[in-house]
Amino acid sequence: MGSVLFGTSGTARSYAPEGATSLSVAGVRLLLGAVPLVIFALWRRARPIPRPGALSFVAGASMTAFQILFFAAVQRQGVAIGTMLAIGSSPIMTSIAELARGERPHQRTIIGTVGALGGLALLVLGQPHTQQSINAVGVACGLGAGACYALYTILSKQLLQKGWSTTWTMTWSFVIAGALSIPIVLLEPTHWLTTPRGVTVALYLGIATIAVSYLLYSISLRRLASSTVVTLTLVEPVTASLLGVAILHEQLSVTSWCGAGVILLGLVLVGRNAPEPA
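Residues numbered from 1 in each chain as written. Predicted model: local features only at pLDDT ≥ 70, side-chain atom pairs only at ≥ 80, totals over all residues. Heavy atoms only, no water.

(A) The arrangement of the overall build of the protein in detail. A count of helical and extended segments in the protein gives 13 helices and zero strands. Reading the protein from its N terminus to its C terminus gives the helix and strand order α-α-α-α-α-α-α-α-α-α-α-α-α. Of all 278 residues assigned to the protein, the portion counted as buried reaches 50%. Residue pairs in contact within the protein that sit at least 24 positions apart in sequence constitute 89% of those at least 6 positions apart. Working note: accessible area of the protein is about 13000 Å², and carbon and sulfur atoms make up 68% of it. (Helix = DSSP H or I, 4+ residues; strand = E, 2+ residues; numbered from the N terminus. Buried < 20%, exposed > 50% of the residue type's maximum accessible area, 1.4 Å probe, protein only. Contact = heavy atoms within 4.5 Å. Areas by Shrake-Rupley, 256 points an atom, 1.4 Å probe, with all protein chains shown as cover.)

(B) The nonpolar core, seen in detail. Judged by nonpolar contacts, the single largest core of 27 residues is most densely connected at Met 63, Tyr 152, Phe 174 and Tyr 214. Mapped by element, the contributors of at least two residues to this core are helix 3 (22-44), helix 4 (54-77), helix 7 (136-161), helix 8 (166-180) and helix 10 (196-223). Not counting residues up to four positions away in its chain, the partners in contact with Tyr 214 are Phe 6, Met 63, Tyr 149, Tyr 152, Met 170, Phe 174 and Thr 209. Counting residues in each nonpolar core, the second largest holds ten residues, with Val 25, Val 28, Val 185 and Val 201 among its members. (Core = buried A, V, L, I, M, F, W, Y, C linked by side-chain atoms within 4.5 Å.)

(C) Structural view of the packing of helix 3 against helix 10. Put simply, helix 3 and helix 10 touch, their axes get as near as 7 Å, and they point 55° apart. Comparing the axis directions of helix 3 and helix 10 gives the class oblique. Remark: the crossing between helix 3 and helix 10 carries right-handed chirality. Along its contact with helix 3, which presents Val 25, Val 28, Arg 29, Leu 30, Leu 32, Gly 33, Pro 36, Leu 37 and Phe 40, the element helix 10 presents Ala 202, Leu 203, Leu 205, Gly 206, Ile 207, Thr 209, Ile 210, Ala 211 and Leu 215. Across the contact of helix 3 with helix 10, the residue classes tally to 14 nonpolar, three polar and one charged. (Axes fitted to C-alpha atoms, helices over the stretch in contact; angles between N-to-C directions. Parallel < 35°, antiparallel > 145°, perpendicular 65-115°, else oblique. Left-handed = near helix turned anticlockwise from the far one by under 90°. Nonpolar A, V, L, I, M, F, W, Y, C, P; charged D, E, K, R; others polar.)

(D) Layout of a nonpolar patch on the surface. Taken together, the side chains of Val 199, Leu 203, Ile 207, Val 212, Leu 216 and Ile 219 present a nonpolar region at the surface, about 420 Å² in accessible area. Looking at the secondary structure, you find Ile 219 in helix 10. Take Ile 219: its relative accessible area is 37%, and that puts it in the partly exposed class. (Patch = residues over 30% accessible without salt bridge, like charges linked within 9 Å, V, L, I, M, F, W, Y side chains within 5 Å. Salt bridge = Lys/Arg side-chain N within 4 Å of Asp/Glu carboxyl O.)

(E) Up close: helix 7. Between its first and last C-alpha, helix 7 extends 38 Å over 26 residues, near the 38 Å set by a 1.5 Å rise per residue. After helix 7 finishes, the residue Gly 163 shows a positive phi value of roughly 105°. (Expected span 1.5 Å × (residues − 1).)

(F) Examining the packing of aromatic side chains more closely. Overall, the coordinates contain eight aromatic pairs when judged by the stated rule. Relative to Tyr 152, the ring of Tyr 149 has its centre 6.3 Å away and its plane inclined at 45°; by these criteria the two rings are tilted. Of this pair, Tyr 149 and Tyr 152 both sit in helix 7, three residues apart, which is roughly one turn of the helix. Here Tyr 149 and Tyr 152 have matching classes, each one buried. (Phe/Tyr/Trp six-rings, centres within 6.5 Å; stacked < 30°, edge-to-face > 60°.)

(G) Geometry of the environment of Ser 56. One can find Ser 56 in helix 4. Once the C-alpha coordinates of Ser 56 and Ile 176 are considered, the two residues, 120 residues apart in sequence, prove to be 8.0 Å apart. Beyond its immediate stretch of four places on either side in the chain, Ser 56 contacts Leu 159, Trp 164, Trp 172, Ser 173 and Ile 176. There is a polar contact of 2.9 Å between the side chain of Ser 56 and the backbone nitrogen of Gly 53. (Polar contact = N/O pair within 3.5 Å; in protein donor to acceptor, adjacent residues only side chain to side chain.)

Here it is as structure tokens:
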């Protein structure tokens, strides 16, 4: 469900008023997303309240860097290729990190992950607007975004293993990410927030695609391997593509539809090998 909410970000972003830059939307999104997380943590009286340290700071900084690099990749390389580089490289990098620590995923999990990544390539490359030259900076930003997301996932998993609650793991990460995004908000134009539509888009992006979705994400991290959770987020581009067809009246080729199906089959295979919740 969290990945489905992630996938609505692009569609919601398309409704932002003219003049809303990608960086300003990203910065406002992080700031607004931290607020309901803090309120929820205090309302639940989640105890104990951990003191943020190096792990939580780096996790928050990784999320901020992911937002910046992802939007830079999309701007320089295009939405389709930029998304594929960022979202597609994260499971690979997370799996490599787990292998380095001696964690061995199930063989069917590996097959499902590889299949889902192949489906992502079909989904993206089958779209007509992907026919463009490769931009070295755009590729580097996309891979950097994937590395930041993988790092964020691994660090969040470590905080949970240290005994942090899912609530405070996400809350501190996004409080730090929100604080680091303040310079972005101050430097970018924010006049679009003075309109009702701008406020609605900002609130949805902050509450639904940050606060709610990442709380669900942290619950998954407590119960599943990091690589499995990151792989399951590949449902995000499928959701984004389906919403693009249903709401934005975009067109998908047969290749892209096949790619979406392959992704879902790969995720089913990955999910079948995930441990049952305690």
